[in-house]
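Chains, contacts and geometry: an overview
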Amino acid sequence: MDLDLDPLDRELLDRWQSEFPLTSQPFAVIAGALGVTENEVLERLNKLSDAGAISRIGATCRPNTAGASTLAVVAAPELRIEEVAAIIGAEPGVNHSYLRENHWNIWFVATGPDRVHVDESLARIGNLTELEVLDLRLVRPFNINLGFALDGSGKLPPHRENIDTGVLIAGDREIMQALSIGLEIVAQPFAALAQKLNRPEEEILQRIEVLDAAGVLSRIGVIVRHRALGWSSNAMVVWELPEEEINRVGPALTAVPGITLCYQRRPVPGVWPYSLYCMIHARSRVEAMSVLDRACDEVGLREVPHQVLFSVRCFKQTGARVLLEKGAAA
């Protein structure tokens with residue numbers, strides 16, 4: 001269901017997907033930039049959150065920095081889709097799960113505090129579903145910002161190559177986990193977070209600034225739900241490319257308007273030969289295929305073997321798991 005947004009709603013959802021003010025009263029700063037009151041910003045964001053337009057206001061953590069993650073998929077028989085999706089969704093480390101149009105049909109992202117926990121999560125899913133689980137590990141990101149231009153321009157922020165994980169210190173995982181869950185939409189969200197973590201607000205803000213500057217956090221801001229905002233024809237396109245071509249094609253794909261994500265993943269020999277992935281978020285299938293056609297022409301991919309996997313249903317969408325929950329098995 002599409003939401004009826006006025007210009008101010010759109011600006012809140014578009015402009016503040018990144019560069020969220022890292023100050024004690026960030027919504028007051030946003031209000032000042034928009035020429036409205038802080039209360040109006042809070043009321044609107046809470047309404048948009050309640051309506052499902054916002055997943056959370058928080059951060060996305062760069063994969064495999066403080067924690068570990070992978071993209072995985074199973075081929076669920078049609079009569080077992082609901083059952084299998086429920087098993088996958090019940091796994092605490094799974095933060096995204098989608099049904100896509102393909103024999104390999106339930107795609108999900110498994111996250112955890114380290115690779116051991118991700119492997120254990122995939123093993124449990126395989127055992128419980130009695131299905132083969134393909135582990136499609138990230139090799140290289142070309143753009144994984146996850147920001148999204150609501151005007152349809154497909155504008156993406158520049159990709160950062162140099163990430164400094166050396167800045168991580170004890171206590172950062174707790175902050176990152178909280179940001180993955182989301183900030184409270186209140187006048188002083190960082191003070192509320194500091195109270196939960198029993199730490200000073202100034203320290204929390206300082207550590208977030210450090211993690212942001214180092215690139216450990218991909219972005220901080222409003223995380224939108226594309227489908228609720230009318231962008232319901234979303235396709236993952238996978239390409240079978242030789243290694244020597246990926247370095248050329250990856251950056252070129254990110255420059256095509258409408259390509260919203262692009263990354264290289266490890267193929268599975270004899271089962272899944274695709275190594276380059278990109279996402280297209282569009283308002284219709286015709287629009288999505290138009291973006292794909294343009295990408296094929298501009299990047300020279302017309303003859304490259306590929307598959308287009310449209311999303312049919314979203315089962316789960318939450319933040320990543322970078323911290324082991326208290327009481328959970330190690």
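Each chain carries its own residue numbering, running from 1 in the direction its sequence is written. Local features in a predicted model are, by the rule used here, given only for residues with pLDDT of at least 70; side-chain atom pairs are given and counted only at 80 or more, and totals for whole chains, interfaces and linings are based on all residues. Side-chain calculation: all heavy atoms of the structure are included, whereas hydrogens and water are not.

**Description of the overall build of the protein**
When helices and strands are tallied, the protein shows ten helices and eleven strands. Burial status follows relative accessibility: with a 1.4 Å probe on protein chains alone, a residue under 20% of its type maximum counts as buried, one over 50% as exposed, and anything between as partly exposed. Classification of the 330 residues of the protein by burial places 52% in the buried group. Every helix listed is a DSSP run of H or I at least four residues long, and every strand listed is a run of E at least two residues long, numbered separately from the N terminus.

**Observations regarding helix α3 (residues 38-50)**
A helix is expected to span 1.5 Å multiplied by its residue count minus one. A rise of 1.5 Å per residue sets the reference length of α3, with its 13 residues, at 18 Å; its end C-alpha atoms lie 18 Å apart and thus fit the reference within 8%. Within the sequence span of α3, burial applies to Glu-38, Val-41, Leu-42, Arg-44, Leu-45 and Leu-48. Looking straight down α3, one finds that the buried residues subtend no more than 170 degrees of arc, so they occupy a single side. Within α3, the exposed residues directed more than 90 degrees away from the buried face are Asn-39, Lys-47 and Asp-50. In this structure, the buried side of α3 is in contact with α1 (7-15), α2 (26-34) and β1 (54-61). For this quantity, the arc is that covered by the directions from the helix axis to the C-beta atoms. Contacts were defined at the residue level, with two residues in contact if any of their heavy atoms lie within 4.5 Å.

**Remarks on the pairing of strand β11 (residues 306-317)**
Note: two strands are recorded as paired if DSSP finds a minimum of 2 bridges between them. Summarising the sheet, strand β3 (residues 94-100) and β11 pair through five bridges and their orientation is antiparallel. Each residue of the ladder has a partner; that of Leu-99, found in β11, is Arg-313. Pairing between strand β8 (residues 233-239) and β11: five bridges, direction antiparallel. Bridged to Val-237 within β11 is Val-308.

**Examining helix α9 (residues 243-254)**
If you check α9, its first and last C-alpha atoms are 18 Å apart, about what twelve residues at 1.5 Å a residue would give, namely 16 Å. Inspection of α9 places Ile-246, Val-249, Gly-250 and Leu-253 among the buried residues, and these make up the whole buried set. Projection of α9 onto a plane perpendicular to its axis shows the buried side chains occupying an angular sector of 110 degrees, all on one side. Residues of α9 that are buried in the fold lie against β6 (138-143), β8, β9 (259-265), β10 (276-282) and α10 (285-299).

**Quick notes on unusual backbone geometry**
Most peptide bonds take the trans configuration, and most residues that are not glycine carry a negative phi. One non-glycine residue with positive phi stands out, namely Glu-130, at about 60 degrees. For Glu-130, a relative accessible area of 70% puts it in the exposed group. Here Asn-198, not a glycine, exhibits a phi torsion of approximately 55 degrees, which is positive. Within the secondary structure, Asn-198 sits in the loop between α7 (189-197) and α8 (201-213). What makes Asn-198 exposed here is its relative accessible area of 71%.

**Considerations on the packing of α1 against α2**
If you want to describe how two helices pack, look at the angle between their axes and the distance between the axes. Here, axes are lines fitted to C-alpha atoms. For helices the fit covers the stretch in contact, and angles between N-to-C directions go from 0 to 180 degrees. Running from amino to carboxyl end, α1 crosses α2 at an angle of 125 degrees, the nearest separation of the two axes being 12 Å. The orientation of α1 relative to α2 falls into the category oblique. The element α1 and its partner α2 pack so that their crossing is right-handed. Judged by residue contacts, Leu-8, Glu-11, Leu-12 and Arg-15 of α1 engage Ile-30, Ala-33 and Leu-34 from α2. Residue polarity follows a fixed list, in which Ala, Val, Leu, Ile, Met, Phe, Trp, Tyr, Cys and Pro are nonpolar, Asp, Glu, Lys and Arg are charged, and the others, Gly among them, are polar. The residue makeup of the contact of α1 with α2, split by class, is five nonpolar, no polar and two charged. Under this scheme an angle from 65 to 115 degrees is roughly perpendicular, one under 35 degrees roughly parallel, and one over 145 degrees roughly antiparallel; angles in between are oblique. Here is the rule for handedness: rotate from the far helix to the near one, and if that takes an anticlockwise turn smaller than a right angle the crossing is left-handed, while a clockwise turn gives right-handed.

**A look at the pattern of salt bridges**
The term salt bridge refers to a side-chain nitrogen of Lys or Arg lying within 4 Å of a carboxyl oxygen of Asp or Glu. In this structure the tally under the stated criterion is 19 salt bridges. Here Arg-313 ties to Glu-82 by a salt bridge, and the two come within 2.4 Å at their closest N and O atoms. In this pair, Arg-313 is assigned in strand β11 and Glu-82 in helix α4 (residues 81-90), connecting sequence segments 231 residues apart. A residue is classified by how much of its surface remains accessible, and Glu-82, at 48% relative accessible area, is partly exposed.

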